[in-house]
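Here is how the chains run, residue by residue.
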Amino acid sequence: MTAGILDGKATAASIKAELRERVAALGAAGVVPGLGTVLVGDDPASHSYVSGKHRDCEEVGITSIRRDLPASISQEELEQEIEALNEDPACTGYIVQLPLPDHIDTHRILEKIDPAKDADGLHPTNLGRLVLNVGEPMTSPLPCTPHGIVELLLRHDIDLKGKHVLVIGRGVTVGRPIGLLLTRKSINSTVTLAHTGTRDLEALLATADVVVAAAGQPHMVTAGQIKEGAVLLDVGVSRVEDPATGRKRLTGDIDPAAAERASWLSPNPGGVGPMTRAMLLVNVVEAAERAAGIR
Ligand SMILES: Nc1nc(=O)c2c([nH]1)NC[C@@H]1CN(c3ccc(C(=O)N[C@@H](CCC(=O)O)C(=O)O)cc3)C=[N+]21
C-alpha cells in the first residue's frame, strides 16, 4: 500500500478560491474584512510567517493591518496596541504572533483581544465556547490548526465516524483542542490523547485508525509502528540539520517511509501548515460576516 497524499497546499487553494467569492459578496454589502497582525521583535521565522499571512490576505481580497513592534516594548504599550485594534473598525480580526518576548505576560495579552476579533480562535472565551459546544455549526472562531486538520480530512471524504484517532502531543494550539472537534456528534470519532507521560505509545499506535502527530519530535512515528492502512497527519515541525548539506531543514514528526503502510498521509511541509493559514482567513471572513449580520 502507498498512501494517498493529503495535499494541504492544493486544499488551501480551493478554500481561498471560495473565500474570494465570500469577500466579494461582503464587498457588495459595503464590508471589507481586514486582518491585523501584531509582531513583536525581529525573529526571522516569525517575520516570514507573518509576511505569508499578509500575502494570503492579498490573494483573497482581505485588507492587511500590520503592527511590527520592537522587542523592547513594555507590557502597557503592547496592551495599548491591542486596545487600538479592538477599537479599529477596519480590523475585523487579528492575531498576536507567538512567541512573545519573555518580559511580556502572554496570557494577559491574549485575554485582552476582543473575542469577536480573535482570528486564531485561541481566546479563553472562544476555547470555552468550543468546550461548551455553543452552536453547531459554530458561531465563534475555531483554533486554526485543529480546524484545518478536520477540514483536510473531510474534503478527502475520509470517514471519521467511530474511528480511533490517536493524538500525540498536548500543546495548546493542536493536541488539547483537536479532540473537542473530533468528538462532536457531527464527526463522532473516539480520541486518545498521548503525551510524554503515556506508558505504551506503541500499543496505541498499533491500533489507531488515524494518527495526529503534534509532538515536535523529528520522525518519532515510523512505518513499523502504525496499523496497516492508517491515516497519518504530520503536524509537528522541527528544524534539524541535514547531515549531507549541514543545513537546517524542516522535519516533521512522521517518518515519510510510513507512507508505504498508510492509506493517507498529510506531509510536512505541504500539509497542515497551509491549511492552518487558510483557516485563519476563514475566521477573518466569518467574523466580518457576523459583524455585518450576514451569518
Ligand atoms: N498567534 C499565532 N498564531 C499562529 O497560527 C502561529 C503563531 N502565533 N506562531 C507560530 C505558529 C507556526 N504557524 C505556522 C503556520 C503555517 C506554516 C506553514 O504554512 N508552513 C509551510 C512551510 C513553510 C516554510 O517552508 O517555512 C508548510 O507546512 O508547508 C507554518 C507554521 C502558525 N503559528
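For the chain, an unreviewed UniProt entry supplies the name Bifunctional protein FolD and the organism Kocuria coralli. Quoted verbatim from the Sequence similarities (unreviewed entry) heading of the UniProt record, the comment on the chain is "Belongs to the tetrahydrofolate dehydrogenase/cyclohydrolase family."

Student: Before we go on, may I ask you to explain the UniProt feature "domain: Tetrahydrofolate dehydrogenase/cyclohydrolase NAD(P)-binding" (unreviewed entry) in the chain in this structure?
Tutor: UniProt records the feature "domain: Tetrahydrofolate dehydrogenase/cyclohydrolase NAD(P)-binding" (unreviewed entry) at residues 143-291, using the numbering of this structure. Here residues 143-291 is 31% helix and 23% strand, with 19 Å between the C-alpha atoms at its ends.

Student: Please clarify how the UniProt feature "binding site: NADP(+)" (unreviewed entry) in the chain should be interpreted in this entry.
Tutor: The sites that carry the UniProt feature "binding site: NADP(+)" (unreviewed entry) are, in the present numbering, Gly169, Arg170, Gly171 and Val237. Along the polypeptide, glycine 169 turns up in the loop between strand S5 (164-168) and helix H7 (175-182). Beyond its immediate stretch of four places on either side in the chain, glycine 169 contacts Val174, Gly175, His195, Ala214, Ala215, Gly216 and Gly236. Judged by the 17 C-beta atoms lying within 10 Å of it, valine 237 falls in the partly exposed class. Ignoring sequence-local partners within four residues, the contact set of valine 237 consists of Leu250, Gly252 and Asn268.

Student: Can you walk me through helix H5 (residues 124-132) in this structure?
Tutor: Residues separated by three or four positions in an α-helix point in the same direction, a consequence of the helix having 3.6 residues per turn. The complete set of buried residues in H5 reads Asn126, Leu127 and Leu130. In a view along the axis of H5, the buried residues occupy a sector of 100°, so they form one face of it. Exposed residues lying more than 90 degrees from the buried face of H5 are Gly128, Val131 and Leu132. Contacts made by the buried residues of H5 are with H7.

Student: It is not clear to me how the packing of helix H6 (residues 144-154) against H7 should be interpreted in this structure. Could you clarify?
Tutor: Helix packing geometry: the angle between the two helix axes and the distance between the axes. Running from amino to carboxyl end, H6 crosses H7 at an angle of 45°, the nearest separation of the two axes being 8 Å. With respect to H7, the element H6 is oriented oblique. Every pair of crossing elements has a handedness; the one defined by H6 and H7 is right-handed. Residue-level contacts link Pro146, His147, Ile149 and Val150 of H6 to Pro177, Ile178, Leu181 and Leu182 of H7. Class assignment for the residues of the contact of H6 with H7 results in 7 nonpolar, 1 polar and no charged.

Student: Looking at this structure, I do not really get the sheet that holds S5. What am I missing?
Tutor: Think of a sheet as strands paired side by side through backbone hydrogen bonds, with each pair either parallel or antiparallel. Within the open sheet, the 6 strands sit side by side as S1-S11-S8-S7-S5-S6. Their pairing is parallel. One side of each edge strand has no neighbouring strand; the edge strands of this open sheet are strand S1 (4-5) and strand S6 (190-194). Sheet analysis places strand S8 (residues 230-234) next to strand S11 (residues 262-266), joined by 4 bridges and oriented parallel. Among the inter-strand pairings, valine 231 is bridged to a residue of S11, identified as tryptophan 264.

Student: Any chance you could explain the site of the ligand here in plain terms?
Tutor: The local shell around the ligand holds 15 residues, among which Ile95, Leu98, Pro269, Gly273 and Thr276 are the closest. Per-element accounting of the shell around the ligand gives the leading share, 4 residues, to helix H9 (residues 272-291). Taken together, the residues that form the shell around the ligand break down as 8 nonpolar, 5 polar and 2 charged. Domain assignment of the residues forming the shell around the ligand places at least three in each of domain 1 (31-115) and domain 2 (144-274).

Student: I keep staring at the environment of isoleucine 187 and nothing clicks. Help me out?
Tutor: Its location among the elements puts isoleucine 187 in the loop between H7 and S6. A sequence separation of 50 residues divides isoleucine 187 from valine 237, and the C-alpha atoms of the two residues are 26 Å apart.

Student: Which parts of the structure should I look at to understand the environment of glycine 246?
Tutor: Position of glycine 246 relative to the elements: it lies in the loop between strand S9 (237-241) and strand S10 (248-252). Each C-alpha atom, one on glycine 246 and one on alanine 213, is 26 Å from the other, the two residues being 33 residues apart in sequence.

Student: What exactly am I supposed to notice about the nonpolar core here?
Tutor: A general tendency of soluble globular proteins is for nonpolar side chains to be buried together. In terms of nonpolar packing, the biggest core is built from 73 residues, with Ile149, Val211, Val212, Ala213, Leu232, Leu281 and Val284 touching the most fellow members. Examining the composition of this core, we find that 11 residues originate from one element, H9, more than from any other. Three or more residues apiece are contributed to this core by two domains, here domain 1 (31-115) and domain 2 (144-274). Once residues lying within four places of it in the same chain are set aside, the contact partners of valine 284 are Pro33, Leu35, Ile62, Thr92, Gly93 and Ala119.

Student: Even after reading the chapter, I still don't get the pairing of strand S2 (residues 34-40), so can you show me in this structure?
Tutor: Along any regular strand, the residues point their side chains to alternate faces of the sheet. When you tally the buried positions in S2, you get 7 out of 7 residues, the bulk of the element. Residues Gly34, Gly36, Val38 and Val40 point to one face of S2 and Leu35, Thr37 and Leu39 to the other, with burial holding for every one of them. With respect to chirality, the unit in which S2 leads through helix H2 (residues 44-60) into the neighbouring parallel strand S3 (residues 63-69) is right-handed. For S2 and strand S4 (residues 93-96), the ladder comprises 4 bridges, and the chain directions are parallel. By the bridge assignment for S4, threonine 37 is matched with isoleucine 95.

What counts and what doesn't
- Residues numbered from 1 in each chain as written.
- Predicted model: local features only at pLDDT ≥ 70, side-chain atom pairs only at ≥ 80, totals over all residues.
- UniProt positions renumbered as here; feature names shortened; annotations may be inferred.
- Helix = DSSP H or I, 4+ residues; strand = E, 2+ residues; numbered from the N terminus.
- Contact = placed C-beta atoms within 7 Å.
- Buried ≥ 20, exposed ≤ 12 C-beta atoms within 10 Å, placed from the backbone.
- Arc of directions from axis to C-beta.
- Axes fitted to C-alpha atoms, helices over the stretch in contact; angles between N-to-C directions.
- Parallel < 35°, antiparallel > 145°, perpendicular 65-115°, else oblique.
- Left-handed = near helix turned anticlockwise from the far one by under 90°.
- Nonpolar A, V, L, I, M, F, W, Y, C, P; charged D, E, K, R; others polar.
- Pairing = 2+ DSSP bridges.
- Near = placed C-beta within 6 Å.
- Domains from an automatic or database assignment.
- Core = buried A, V, L, I, M, F, W, Y, C linked by C-beta atoms within 7 Å.
- Right-handed = clockwise from strand over helix to strand, strands pointing away.

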